[in-house]
Amino acid sequence: MSVRAIDVEMLISNAYYCKKNFSYDQYINQTVDMLYQGFFNFDFDGGPVLDKYRDKYKDPAFRIVHHLVVFFVYDNGSLYQREYDVYCKLCEKCGHRYLSLDELLKFRKELTQADLRGLTSFIRLLREHINESFFQNFIYGLVMLALLDNGELSESAYCGIRSVLK
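Residues numbered from 1 in each chain as written. Predicted model: local features only at pLDDT ≥ 70, side-chain atom pairs only at ≥ 80, totals over all residues. Heavy atoms only, no water.

(A) Looking closely at the overall build of the protein chain. Looking only at helices and strands, one finds 9 helices and 0 strands in the protein chain. Rg of the C-alpha trace for the protein chain: 15 Å, near the compact-globule value of 15 Å for 166 residues, within the 12% margin. With the C-alpha coordinates aligned to their principal axes, the bounding extent of the protein chain is approximately 40 × 35 × 25 Å. Burial statistics for the protein chain: of 166 residues in total, 49% are counted as buried. Within the protein chain, counting contacts between residues at least 6 apart in sequence, those at least 24 apart form 77% of the total. When the accessible area of the protein chain is evaluated, it comes to approximately 8,500 Å², of which 50% is carbon and sulfur surface. (Helix = DSSP H or I, 4+ residues; strand = E, 2+ residues; numbered from the N terminus. Rg over C-alpha atoms; globule rule 2.2 N^0.38 Å. Buried < 20%, exposed > 50% of the residue type's maximum accessible area, 1.4 Å probe, protein only. Contact = heavy atoms within 4.5 Å. Areas by Shrake-Rupley, 256 points an atom, 1.4 Å probe, with all protein chains shown as cover.)

Below you can see the structure in the form of structure tokens.
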């Protein structure tokens, strides 16, 4: 499958528009839907890449999305209620239990920058196997998630998004 460029600046612009014009529930639900498209397509079409991990991990597609979302919700070092709402709704939509606030913080502290680098490399491998539109929507969901805390896209969130797209 060919990989086309994703216009991140357009996604950021669209996310700012949604942040300004959507209700809280609309924005949260849109973010969850975009992230879920990534999970579903990683799981459905990522077979050649994920198959070797299915024996080791119960749900490798969820593991990938979960870890990346945890990095993004703690991007600025703290967790806001809106981010936690997205996290919980996403876990439920994917059919998984979400972690309590204390469990989530502990889990985040265990993740390293090496984990993030490995995760972004793995997602780039998956990208070649999934529908490009759904992959773009997943990236859009990450952008929307990154804007949830204070309405600004931090440099580290932007770099995280760009590293997935390299």
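This is not the end of the story, as more comes after the structure.
(B) Focus on the nonpolar core. Among the nonpolar cores identified, the biggest contains 59 residues, and F42 and I139 are the most heavily contacted of them. Apart from residues lying up to four places away in sequence, I139 is in contact with I6, L11, I161, V164 and L165. (Core = buried A, V, L, I, M, F, W, Y, C linked by side-chain atoms within 4.5 Å.)

(C) Focus on the environment of L116. Among the secondary structure elements, L116 is positioned in helix 7 (residues 113-127). Overall, the relative accessible area of 17% leaves L116 in the buried class. Residues L116 and G160, 44 residues apart in the sequence, show an inter-C-alpha distance of 8.5 Å.

(D) Examining helix 1 (residues 8-21) more closely. With 14 residues, helix 1 ought to run about 20 Å at 1.5 Å a step, and its terminal C-alpha atoms sit 20 Å apart, in line with that. Elements in contact with the buried residues of helix 1: helix 2 (24-45), helix 8 (132-146) and helix 9 (155-165). Structurally, the start of helix 1 carries an N-cap: the backbone nitrogen of E9 is 3.3 Å from a side-chain oxygen of D7. (Expected span 1.5 Å × (residues − 1). Polar contact = N/O pair within 3.5 Å; in protein donor to acceptor, adjacent residues only side chain to side chain.)

(E) Looking closely at the pattern of salt bridges. One pass over the structure, following the stated rule, counts 3 salt bridges. Salt-bridge contacts for D33 lead to K93; the nearest nitrogen and oxygen are separated by 2.6 Å. Of this pair, D33 sits in helix 2 while K93 sits in helix 5 (residues 81-93), and the two are 60 residues apart along the sequence. R97 is paired through a salt bridge with E103; the nearest N and O atoms lie 3.3 Å apart. Look at R97 and you get exposed, because its relative accessible area is 58%. Its relative accessible area of 35% is what places E103 among the partly exposed residues. (Salt bridge = Lys/Arg side-chain N within 4 Å of Asp/Glu carboxyl O.)

(F) Main features of the side chain of T120. Its location among the elements puts T120 in helix 7. Apart from the residues lying within four places of it in its own chain, the contact partners of T120 are G160, S163 and V164.

(G) Summary view of the packing of aromatic side chains. Throughout the structure, instances matching the rule amount to 7 aromatic pairs. A ring pair is formed by Y36 and F39, whose centres lie 5.7 Å apart and whose planes are at 50 degrees; its orientation type is tilted. Pair noted here: Y36 and F39 are both in helix 2, with a separation of 3 residues, about one helical turn. Using a relative accessible area of 21% as the deciding quantity, one classes Y36 as partly exposed. Pairing F40 with F44 gives two aromatic rings, centres 5.7 Å apart and planes at 5 degrees, and the pair type is stacked. Taken together, the residues span about one helical turn, with F40 and F44 both in helix 2 at a distance of 4 residues. According to the relative accessible area criterion, F40 is partly exposed, its value standing at 40%. Exposure remark for F44: the relative accessible area of 61% places this residue in the exposed category. (Phe/Tyr/Trp six-rings, centres within 6.5 Å; stacked < 30°, edge-to-face > 60°.)

(H) Examining the environment of V65 more closely. Among the structural elements, V65 can be located in helix 4 (residues 60-73). Along the backbone, V65 and N41 are 24 residues apart, and their C-alpha atoms lie at a distance of 11 Å. When neighbours within four sequence positions are excluded, V65 is seen to be in contact with G38, F39, F42, L90 and F138.

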